[in-house]
Amino acid sequence: MSETDEELLRRVMDATASLWNELTYERRQQFFDGETVWETEDYRKRYIGVLGSASAQQAIRKNDQAWKGFFDSDEPDKGLPGYWGNEDEGRDLRWYGRNDQYTIQWGERSRLEIPIGKALKDEYDLTGRLRLEVRGDPRWGGEQGQLEIQYDEQRDQFRAYQPVEVADSHPRLGAPLADESAALDIGANNLVACTTTTGKQFLYAGRDQFERFRATTREIARLQSKLREGRYTSKRIRRLYRKRIKRRDHMQDALARDLMERLCDEGVSTVYVGALTDVLETHWSVRANEKTHNFWAFRAFIDRLETTAEEFGIEVIERTEAWTSQECPQCGSVERTTRHQDTLTCECGFEGHADLVASKTFLQRHAMVARPMARPVRFEWDAHEWAESSHSHESPKEARTNPQVASGGWGANARRDPTGGIPRL
C-alpha cells in the first residue's frame, strides 16, 4: 500500500481502539458502581466522522459481545473486558467490518475495499472506499462474514481474518487429503511435542522463551517494589506487561500456524490434545504452574490451536492424557520410571525423550501407530518464526542431555477502576 493508504488505515484502526477503550472504561465504572453496563453514551455519533456509522456500530457490537461473554462465563478468573492499549503507549490496532461493508476481489492483484468516515474522506480528498492490496489464498468459498483486521506489531504486518459460511456439501479447499491423526504433549519446558500416525515427530523448544518471560516478570516485580505506598503500577510497568504478553502471543500464534501447516501436509485430519484438568493435576510445582498458567496460558493456547486448525479443516479433540508422561512404552510401568529434565528412563532399560514418549503413548490410545518413528524435527523460536534447530536431526536427548543412545526405534533415541485508575484512552 502507499504511505497515504497506510496512514489512513492506521487512523481508522486507532479510532476503533479509542472507541473500544472509551466504551470499556464507562462500562467498567458502571460495573464497579453496581449499575447496568448497557446504558452508555452514543459513541457511534462521536466516531462516525472517522469510522463511518456502520464500522463504529460494529466496534460497539464487538464490545457488547465481550461483556455478554463476561457475564455468561462460568470462569471467574477470566476477568473483565480490558483495554486495547492507550494513547501514550500505543493502542492495539483493530478494525471490524460487517459482511456487507467490505469487498474482497481475489486474483493476480487481490484487493480489499473498506469504508471510512466522511470527515476522513474530506481530509484526504478521497472518493469512495479505502482500497488496499492483499495477498493470501482463500481456503474456503462461501458467504462472507464479519471481517477483522489486526496489526501485527512484531512483524509489522496487517492481517485480515475473514470467516465464511460453507455449506456441508461445499468442498473445503484446505482440508487434508488423508485421514491421519496426531497427538500433542503440551509441556512446561518443551512447548509442544507432536507425534503423527505417519511416523513424524515434531518438538518445539520453550526453555529460552520462558526464561525471557521470567526475566521480564522479575523486572516488573523490581519496579513495583520501588513504587510509593498506595501505587500499584506505572507507565513503564504497564509497557512491560504489554510487551511480555505480545511476545508470548506472537510466539504462540506462530507455533499454532507452523504446526498446523505441517500436519496438513502430513494429511492429518484429527489432533488430540490433553484436557486442561490433566495439566492442572500434573504441573503442581510453583515453577511449573508459572509456566503452565502465566507463560503458557494453556486455555488460550488450546483456543488458538482450535481456531487455526479449523482453517485447515483439522479437528482438535481434548482427551485425558493421564500418566502418559510417566508410562514406559516398553514395559508399560508407571512406577518404575524416572524423569530427569527431558529424559525418561525405566528400570527395564528403556531410555527416551520424555515429551516425545508422552505424545506417542497418548496417540496410541486413540489411533493405530504402525509406522516406525523418524528422527524428530526440533524447532527453536528466533523471535520472528519457528526455525529448524541445528540439532534437529539428532535425538533431542542427544542434543540436550547427551546420554548413551541405544540403537533402534523412536524410543531409543472502589469507584475508580482498581486496576490502574483513570487510563489514557
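For the structure given in this document, a descriptive report is provided here. For clarity, every value in this text was computed on a predicted model and none was experimentally measured.

Brief notes about the overall build of the chain
Along its length, the chain carries 11 helices and 20 strands. The buried share of the chain, taken over its 425 residues, is 45%. Here the chain has roughly 22,200 Å² of accessible surface; of this, 45% comes from carbon and sulfur atoms.

Notes on the packing of helix α1 (residues 3–32) against helix α2 (residues 43–51)
Two elements in contact, α1 and α2, have axes separated by 10 Å at closest approach and are oriented at 170°. On the basis of the axis angle, α1 is roughly antiparallel to α2. Here Arg11, Val12, Ala15, Thr16, Ser18, Leu19, Glu22, Leu23 and Glu26 of α1 lie close against α2, whose contacting residues are Tyr43, Arg46, Tyr47, Val50 and Leu51. Partitioning the contact of α1 with α2 into residue classes produces 8 nonpolar, 2 polar and 4 charged.

Details of the environment of Gly128
Mapped onto the secondary structure, Gly128 falls in the loop between α4 (118–124) and β6 (130–133). According to the relative accessible area criterion, Gly128 is partly exposed, its value standing at 37%. Remark: the alpha-carbon pair of Gly128 and Lys118, spanning 10 residues in sequence, is separated by 9.8 Å.

So, the pattern of salt bridges
Side-chain pairs of opposite charge can arise where the charged atoms are in close proximity. The tally for this structure, following the rule as stated, stands at 27 salt bridges. With a closest N to O distance of 3.5 Å, Glu219 and Arg236 form a salt bridge. You can see Glu219 sitting in helix α5 (residues 207–225) and its partner Arg236 sitting in helix α6 (residues 235–265), a full 17 residues away along the chain. Owing to a relative accessible area of 22%, Glu219 belongs among the partly exposed residues under this scheme. Connected through shared salt-bridge partners, Asp92, Glu153, Arg242 and Lys246 make up one network.

Description of the packing of aromatic side chains
In this structure the tally under the stated criterion is 15 aromatic pairs. A ring pair is formed by Tyr151 and Phe158, whose centres lie 4.9 Å apart and whose planes are at 45°; its orientation type is tilted. Where Tyr204 meets Trp386, the ring centres are 5.2 Å apart and the plane angle is 85°; that geometry is what we call edge-to-face. Taken together, the residues span a long stretch of sequence, with Tyr204 in strand β13 (residues 201–205) and Trp386 in strand β20 (residues 386–388) at a distance of 182 residues. With respect to class, Tyr204 is no different from Trp386; both count as buried. Taken together, the ring pairs connect Phe31, Phe32, Trp38, Trp67, Phe70 and Phe71 into an aromatic cluster.

Calculation criteria
- Residues numbered from 1 in each chain as written.
- Predicted model: local features only at pLDDT ≥ 70, side-chain atom pairs only at ≥ 80, totals over all residues.
- Heavy atoms only, no water.
- Helix = DSSP H or I, 4+ residues; strand = E, 2+ residues; numbered from the N terminus.
- Buried < 20%, exposed > 50% of the residue type's maximum accessible area, 1.4 Å probe, protein only.
- Areas by Shrake-Rupley, 256 points an atom, 1.4 Å probe, with all protein chains shown as cover.
- Axes fitted to C-alpha atoms, helices over the stretch in contact; angles between N-to-C directions.
- Parallel < 35°, antiparallel > 145°, perpendicular 65-115°, else oblique.
- Contact = heavy atoms within 4.5 Å.
- Nonpolar A, V, L, I, M, F, W, Y, C, P; charged D, E, K, R; others polar.
- Salt bridge = Lys/Arg side-chain N within 4 Å of Asp/Glu carboxyl O.
- Phe/Tyr/Trp six-rings, centres within 6.5 Å; stacked < 30°, edge-to-face > 60°.

Scope: geometric values only; no functional claims are made or implied.
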